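Secondary and tertiary structure notes
Each chain, letter by letter, is given below.
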Amino acid sequence: KATPQTSVQPSVKPELERDYSMQLRQSQLTEGGMKLVYPQVVYMSDKEIEQKVNNLIKTRILAQYQEVNNNLEPGQSYVAELNYEVKMFTPKTMSIVFTSYNNITPSAHPYNQFHSINVDLVTGDEITLEDVLPAVDDAFVEQLKNAKYVSPLNPAEVNLDEVKNSVFNQFANS
């Protein structure tokens, strides 16, 4: 008589299990003098959330450039080149930093812009500072004013784990 075999599956929360197959795909929008390169999420099992995340990213980057384009004066032209770097991509969270070169002619000089977006991949909503910190109050602003300056030219002089733990511990205790 054969003995039935059983397999043991690891305990995984359902909302995490469904997101392990997702990936990022690079998309590009070229219109006039604008070349916008941005990520789009693919292969999420929840297609509704996937569409919500992708619409959020695309709408967010397009709004900024369309506003400039719509406010050009006669004789002006606009060139924008946007690229991105994904700073975090987990089953639950994605964080993207966008950098762009922009030039309105005629003007004195071109300019660069930097902006970011953080997305909850379970709900498809944007994660804001208010979602992460309990309160941005006067005490928090004072802490920022008194924080140690970290030079972008020499970031190795600061122990980032120590800074991170210090900040999160202060908010965890409030």
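For the structure itself, look to the data block above.
Structural notes, computed from the coordinates. No experiment lies behind these values; they were computed from the predicted model shown. (Residues numbered from 1 in each chain as written. Predicted model: local features only at pLDDT ≥ 70, side-chain atom pairs only at ≥ 80, totals over all residues. Heavy atoms only, no water.)

Bringing unusual backbone geometry into the picture now. Look at the link from T105 to P106: it is a cis peptide, with omega at -5°. Mapped onto the elements, P106 comes out in the loop between strand 4 (93-105) and strand 5 (111-120). Here Y43, not a glycine, exhibits a phi torsion of approximately 65°, which is positive. Position of Y43 among the secondary structure elements: in the loop between strand 2 (34-42) and helix 2 (47-70). Overall, the relative accessible area of 43% leaves Y43 in the partly exposed class. (Helix = DSSP H or I, 4+ residues; strand = E, 2+ residues; numbered from the N terminus. Buried < 20%, exposed > 50% of the residue type's maximum accessible area, 1.4 Å probe, protein only.)

Another point: the packing of aromatic side chains. Enumeration according to the criterion identifies one aromatic pair in this entry. The interplanar angle of 25° and the centroid separation of 6.5 Å between the aromatic rings of Y65 and Y78 together place this pair among those described as stacked. Of this pair, Y65 sits in helix 2 while Y78 is found in strand 3 (residues 77-89), placing the two residues 13 residues apart along the sequence. With relative accessibility at 6%, the residue Y78 sits in the buried group. (Phe/Tyr/Trp six-rings, centres within 6.5 Å; stacked < 30°, edge-to-face > 60°.)

As judged from the nine bridges shared by strand 1 (residues 23-31) and strand 2, these two strands associate in the antiparallel manner. Each residue of the ladder has a partner; that of Q26, found in strand 2, is P39. Hairpin geometry of strand 1 and strand 2 is characterised by an intervening segment of two residues between the two adjacent antiparallel strands and by a positive phi of about 60° at G32. (Pairing = 2+ DSSP bridges.)

By themselves, these are just geometric observations and shouldn't be taken as functional.
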